[in-house]
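Structural overview for review
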Amino acid sequence: MSSHAIETIVNGQSISAQVEARHTLADFLRGTAGCTGVHVGCEHGVCGACTVIVDGVAVRSCLMLAVQADGATVATAESLAAPDGTLHRVQQAMKDEYGLQCGFCTPGVVMTLAAITQGRSPDAEEIKDALSGHLCRCTGYQGMLKVAKRLGGEVQA
Amino acid sequence: MNAPADVPLAAARFTGERVPRKEDRRLLTGHGAYVDDVTMAGMVHGMFVRSPIARGRIVAIDVEAARALPGVRAVYTAADLDRHPAKLTGLYGSAESKFPDIWPLAKEDVRHVGDPVAIVLADDRYVAEDGAALVVVEYDDADAVVTIDDAATGAIVHPDLDTNVALMIATPEDPGLEAVFAGAAHVVTGTITHQRQAHVPMETRGIVAALQGSGEMLIHASCQSPHMVARYMDLAFAMPDLHFRVIAKDVGGAFGLKVQPWREEVAIVAAALLIGRPVKWIEDRLENLTASNQAREQDVTVRLAFDADATLLAADIDYRCNLGAYPHGADPNSLAMVMFPGPYKLPRYKFRAQGFYSNTAGQAAYRGPWAMESLARETLLEKAARQIGIDAVELRRRNLITAADQPHTMLTGFVIDRVTPRETLDKLVAHLDTPAFRAEQAAARAAGRYLGLGFAVYVEPTTMAFGGILSSDVADIRIEPTGKVTLTVSTHSQGHGTETTMAQLVADTLGVDIEDVSVMEDDSSRGGFGPGAGGSRQAVSGGGATLIASGKLADKIRAIAAHVLNASPDTISLAGGKVLVAGVAEMTTTVKEIAEIAYYQTERLPEGMEAGLEARHRYRPPPVVYSNAAHACTVEVDVETGMVKILRWVTCEDCGPMINPAVVEGQIAGGVVQGIGGVLYEQISYDARGNPTAVTFKDYLIPTAHDVPELEFLHIATPSASEGGFKGVGEGGAIVGPPTLVNAIADALAPFGADCLTLPLSPPRVLAEIGTRD
Ligand code: FES
Ligand code: FES
């Protein structure tokens, strides 16, 4: 297996590592970077559980190789809340609206919502579109649909 | 109806409220602790070599190339694992059931695609997969037994059994039944076919097994109860000097699949014994959709007889299900037969049920495993309404049991009590405005658009503490010397929110803040045995245990306070973390101070009282508790594409007093949406050779946020006879949801004479119902 040196910034920490060419970004983040909030639900790009933010864009980390993250800045769900513990507003909305049950799909969902609401104000329909890229087997999406409305400005928090 | 049970939480602050979930912060911030998050020094990763054929003899297995691969630490076949023989036991079935010998790895032959044949252990999962690809297995391929019809007539799946019928159960001969059908004003018939589904928890199965010294096997597992895993492994390995400790903190959904460990988990424990290092196996999604146990795949032919007033006279049902090769039990869905009469007065009933083995993935219980009874009954009742020319709600009202009929003994022997099928239906109908919908439907039809409205009513047996492993649950509660409260309880959450709901009960009983209560249900070495999630039982059984144990502890606090304050115990109340004496504000003390006395100043305790602030109760709930609900939904069917759009969905359930309505609604919604998946999208399919053909999320479609309506929830809360009056709510949505949706689609397509009794109602199937496609 070919091995490659990569440098990334993960949740504000710089990491230099040797990775095999075939290692997914998801496995790198979970294993080397210790970000176990990156969940792997399918490894084929459908479920969305592995979603992280790479250079500002929501990415399915099971479909990206670790070597492709060389030089990139990566954020995972572990980095969303403020250092004092205050939840990011998408996390708070998910909590308030009972948007999760088992929590396995949840880190991916909050990273997608964080990415699409960063510096812009998508409407509820666009947020719902983004949510439809995430599979959740527990909630029937009821709380998430409320989150979409709330973040989309239709329902006041 | 009997008088409602007393609800002991008169001063509830938390119980009954939409309390935010205690577990959410860690899950939202990526700090959940799932099995794949566990790593250990020296840990190796397992990968199974699986059969690519559905049926055949193993001629030879060559593991040398795999063993030689750098990074591969061991390759084991059944012969190796036999050094610690571990036979699998079934969870369901009866003494008459025919259950094959099941071992972790295939021995002489393979019996379904995905049957595990060998296991490769390597330094990481990538190398383990490389190693698995190098294992060469030679098979002598045979024709597969795939469908129920194949199983009924084809080769024997299990050589150690003389039949493919795992069990047949039936009512005794009823010579007068045919005369009832012959004399009936209306006879309605139909065959309902339900496809095979997969549970697909978003977290697949997984396990880490590590010997601790020589006498303890430490297991981290994705499961529905760590106690059940410990029990199962102990029974399977039966090694006198080996004890099992099982930890399961966060689990990413289960739905019946993880109710007990199965072949892979047992194989990993055996491998950990052999290699003497920690072993991890995390199922991938391909394995999950092909080799994990699955659910449903059943058909039932129903005949219903009615008199001229549309009153039910008799039912006759013939049920078959495909159990696959290695089901979790050899049971032909007995509970579906028992529950078919549901909340209806049915004077005469005949059934026959058979479960067949086949060369497909084995079956497991899946959320409302007996749900076919509601699907069959409720779809046929609406077919009857169409055939007789009576409103479907009116037909139900004429046949539903009412409060005056209870307790009601079903023909099958179950005694239904304290249920409200009629009341939930009436409340639902009042909320819906059916006349407005019918007007809209008529206008739409005139314009060539097809709208439909469907109903379903059901009653669900929960808790099922009538014997066996579901008989009881235990709660151990203590107030620490610091004043904090720790509840260790035999419930287990895979998203159920018991960390919150159990804490709500404790906080109210002890008069403390919910933030001061922590709930532990993750370690089999603490507390005591309980079956965990299953049978919609955790609020009833775990909740009952928690209420009684907390009550005992509250009594002890009051006794200590009465003694040290020289007051009467019945003047003492607990609120806000304080211990209050009625009318004497200056005597107020705190739970923390009482705890300090109980642990540190034991000489101040009443004579003979045990030190400490601890209490325990093992609760035996009523044998069966009944939940019920009525649902309605409206749909529009696009008759050009066959696509179904759900417009509206209203639920009205009676699960007794709700501990947390948001958690209740979450359970209902999750069940309904799994039901929507089952009706419209999901299908595990096999070709004629037994090859699975839906093996990724591109082929196995589960509902997304775009496919679901926003549910409207109505509640009725009639207490059961259980402690707290709870009834359970975990499975109901998945039981009553599917017939609700099928009925709405059939109503929409009534102008085409469609019955819609073959699931899933995917676009091609809908077009076939309309008659525009074969
Ligand atoms: S694990 Fe990456 S999309 Fe499912
Ligand atoms: S909360 Fe369990 S999968 Fe979404």
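Residues numbered from 1 in each chain as written. Chains lettered and ligands numbered in written order. Predicted model: local features only at pLDDT ≥ 70, side-chain atom pairs only at ≥ 80, totals over all residues. Heavy atoms only, no water.

Each helix and strand in chain A was counted, giving 5 helices and 5 strands. Beginning at the N terminus, the succession of helices and strands in chain A can be written as β-β-α-β-β-β-α-α-α-α. In terms of overall size, chain A behaves like a compact globule, its C-alpha atoms giving a radius of gyration of 16 Å where 157 residues would be expected to give roughly 15 Å. The buried share of chain A, taken over its 157 residues, is 59%. Accessible surface for chain A amounts to roughly 6,000 Å². Of this, 48% is attributable to carbon and sulfur atoms. Averaging the positions of the 11 positive and the 15 negative side-chain charges in chain A gives two centres separated by 9 Å. (Helix = DSSP H or I, 4+ residues; strand = E, 2+ residues; numbered from the N terminus. Rg over C-alpha atoms; globule rule 2.2 N^0.38 Å. Buried < 20%, exposed > 50% of the residue type's maximum accessible area, 1.4 Å probe, protein only. Areas by Shrake-Rupley, 256 points an atom, 1.4 Å probe, with all protein chains shown as cover. Lys, Arg positive; Asp, Glu negative; His and termini not counted. Charge placed at Lys NZ, Arg CZ, Asp CG, Glu CD.)

Counting secondary structure elements, chain B contains 20 helices and 30 strands. Compactness check: chain B gives a C-alpha radius of gyration of 28 Å against a globular reference of 28 Å for 774 residues, within 12% of the reference. Taken over the C-alpha atoms alone, chain B extends approximately 85 × 75 × 50 Å along its principal axes. Taking contacts inside chain B between residues at least 6 apart in sequence as the whole, the part at least 24 apart equals 80%. Carbon and sulfur atoms provide 52% of the accessible area of chain B, an area that totals close to 26,100 Å². Taking the average location of the 67 positive side-chain charges in chain B and that of its 97 negative ones, the two points are 1 Å from each other. (Contact = heavy atoms within 4.5 Å.)

Residues and elements named next belong to chain B. Ranked by size, the top nonpolar core spans 170 residues in total, and within it Val635, Leu741 and Ile745 carry the most contacts. Apart from the residues lying within four places of it in its own chain, the contact partners of leucine 741 are Cys633, Val635, Ile646, Trp649, Ile676, Val679 and Leu680. By size, the runner-up hydrophobic cluster in this structure holds 46 residues, among which are Phe14, Ala475, Ile477 and Val519. (Core = buried A, V, L, I, M, F, W, Y, C linked by side-chain atoms within 4.5 Å.)

Residues and elements named next belong to chain A. Looking at the assigned domains, one finds that chain A contains domain 1 (3–79) and domain 2 (89–153). One C-alpha centre belongs to domain 1, the other to domain 2, and the line joining them spans 21 Å. Counting residues at the interface gives 16 residues for domain 1 and 14 residues for domain 2. At the boundary of domain 1 with domain 2, total buried surface from both sides reaches about 1,100 Å², with 66% on carbon and sulfur atoms. Connecting domain 1 to domain 2 are 0 salt bridges. At the junction of domain 1 and domain 2, the tally comes to 4 residue pairs in polar contact (both at pLDDT 80 or more). For the side of domain 1 that touches domain 2, the elements supplying multiple residues, two or more each, are strand E3 (51–54) and strand E4 (57–60). (Domains from an automatic or database assignment. Buried area = accessible area lost by both parts, 1.4 Å probe. Salt bridge = Lys/Arg side-chain N within 4 Å of Asp/Glu carboxyl O. Polar contact = N/O pair within 3.5 Å; in protein donor to acceptor, adjacent residues only side chain to side chain.)

So, on to the pattern of salt bridges. The full count for this structure, using the stated rule, is 63 salt bridges over all chains. With a shortest N-O distance of 3.3 Å, B:Asp36 and A:Arg30 are connected by a salt bridge. Here A:Arg30 lies in helix H1 (residues 25–31) and B:Asp36 lies in the loop between helix H1 (24–28) and strand E1 (44–50), a pairing that spans two chains. Look at B:Asp36 and you get partly exposed, because its relative accessible area is 26%. B:Glu178 serves as the salt-bridge partner of B:Arg303, at 2.8 Å between the closest nitrogen and oxygen. Separated by 125 residues along the polypeptide, B:Arg303 in strand E14 (residues 295–306) and B:Glu178 in helix H6 (residues 177–183) bring together distant segments of the chain. Overall, B:Glu178 belongs to the partly exposed group, its relative accessible area being 42%. Each member of the salt-bridge network shares a partner with another, and the members are B:Arg50, B:Arg125, B:Glu129, B:Arg205, B:Glu264, B:Glu265, B:Glu283, B:Asp284 and B:Glu287.

Now for the interface of chain A and chain B. Taken together, the 46 residues of chain A in the interface contact 55 residues of chain B. Summing both partners gives a buried area of about 4,300 Å² for chain A against chain B, and 58% of it is carried by carbon and sulfur. Three residues stand out in chain A for area buried against chain B, namely A:Tyr98, A:Gln101 and A:Arg137, and they jointly supply 21% of the buried area on that side. At the junction of chain A with chain B, the criterion picks out 5 salt bridges. Among the ionic pairs, A:Lys149 bridges to B:Glu710, the shortest N-O distance being 3.2 Å. Of all the secondary structure elements, the ones that give two or more residues to the side of chain A that touches chain B are H1, helix H2 (89–96), helix H3 (106–117), helix H4 (124–131) and helix H5 (142–151) of chain A. No other element matches the 4 residues that H4(A) contributes to the side of chain A that touches chain B. In the side of chain A that touches chain B, the residues fall into 19 nonpolar, 16 polar and 11 charged. (Nonpolar A, V, L, I, M, F, W, Y, C, P; charged D, E, K, R; others polar.)

Pairing between the strands of a sheet comes from backbone hydrogen bonds, and it takes one of two forms, parallel or antiparallel. Residue and element names in this part refer to chain B. The strand order across the open sheet formed by 3 strands is E5-E2-E7, and the pairing between neighbours is antiparallel. Among the strands making up the open sheet, the edge pair consists of strand E5 (109–110) and strand E7 (136–141). The pairing of strand E2 (residues 56–62) with E7 spans 6 bridges and is classified as antiparallel. Across the sheet, the residue bridging to alanine 60 is glutamate 138, located in E7. (Pairing = 2+ DSSP bridges.)

Glancing now at helix H12 (residues 392–399) of chain B. Residues and elements named next belong to chain B. If you check which residues of H12 are buried, you get Ala392, Val393, Leu395, Arg396 and Asn399. Taken around the axis of H12, the buried residues stretch over an arc of 160°, which confines them to a single face. Among the structural elements, E14, strand E15 (312–324), helix H11 (372–388), helix H13 (421–432), strand E20 (450–462) and helix H19 (732–748) are those in contact with the buried residues of H12. Near the N-terminus of H12, the side chain that reaches the backbone nitrogen of valine 393, with its oxygen 3.0 Å away, is that of aspartate 391. (Arc of directions from axis to C-beta.)

Here we come to the sheet that holds strand E8 (residues 165–170) of chain B. Residues and elements named next belong to chain B. Reading across from one edge, E8-E17-E15-E14-E9 is the order of the 5 strands in this open sheet, with mixed pairing throughout. Lying at the two open borders of the sheet, with one neighbouring strand each, are E8 and strand E9 (186–197). Put simply, the sheet's adjacent strands are angled 5° from each other on average, direction ignored. (Axes fitted to C-alpha atoms, helices over the stretch in contact; angles between N-to-C directions.)

Bringing the domain arrangement of chain B into the picture now. Residues and elements named next belong to chain B. Taken domain by domain, chain B consists of domain 1 (24–32 + 466–619) and domain 2 (369–463 + 623–770). One C-alpha centre belongs to domain 1, the other to domain 2, and the line joining them spans 39 Å. Contacts between domain 1 and domain 2 engage 18 residues on the former and 20 residues on the latter. Across the domain 1/domain 2 interface, buried area totals approximately 1,500 Å², and carbon plus sulfur atoms make up 63% of it. For the domain 1 face of the interface with domain 2, the top three residues by lost area are Phe466, Ser536 and Val540, together amounting to 37%. Remark: the boundary between domain 1 and domain 2 carries 0 salt bridges.

All names here are of chain B. Most of strand E6 (residues 116–122) sits inside the fold, with 7 of its 7 residues counted as buried. As paired elements, E1 and E6 share 6 bridges and run antiparallel to each other. Across the sheet, residue histidine 45 finds its bridge partner in E6, namely alanine 122. Where strand E3 (residues 72–77) meets E6, 5 bridges bridge the pair, whose relative direction is antiparallel. Bridging across to E6, valine 72 finds its partner in alanine 122.

Another aspect to go through is the pairing of strand E30 (residues 711–715) of chain B. Across 5 bridges, strand E29 (residues 644–654) of chain B lies against E30(B) in parallel orientation. Each bridged residue has a counterpart across the sheet, and for B:Trp649 the counterpart in E30(B) is B:Leu711.

To continue, consider the packing of aromatic side chains. Residue and element names in this part refer to chain B. Counting across every chain of the model gives 7 aromatic pairs over all chains. Consider the rings of tyrosine 349 and phenylalanine 351, whose centres lie 5.5 Å apart with planes at 45°: the pair is tilted. Residue tyrosine 349 shares its accessibility class with phenylalanine 351, and that shared class is buried. Considering the side-chain rings of tyrosine 450 and phenylalanine 752, the 5.0 Å spacing of their centres and the 50° angle between planes classify their relative orientation as tilted. Here phenylalanine 752 lies in the loop between H19 and helix H20 (763–770) and tyrosine 450 lies in strand E20, a separation of 302 residues in the sequence. The class for tyrosine 450 is buried, based on a relative accessible area of 15%. Using a relative accessible area of 30% as the deciding quantity, one classes phenylalanine 752 as partly exposed. One cation-aromatic arrangement involves lysine 107 over tryptophan 103; the distance from NZ or CZ to the ring centre is 3.7 Å. Arginine 303 extends its terminal NZ or CZ atom over the ring of phenylalanine 181, reaching a point 3.9 Å from the ring centre. (Phe/Tyr/Trp six-rings, centres within 6.5 Å; stacked < 30°, edge-to-face > 60°. Lys NZ or Arg CZ within 6 Å of the ring centre and 35° of its normal.)

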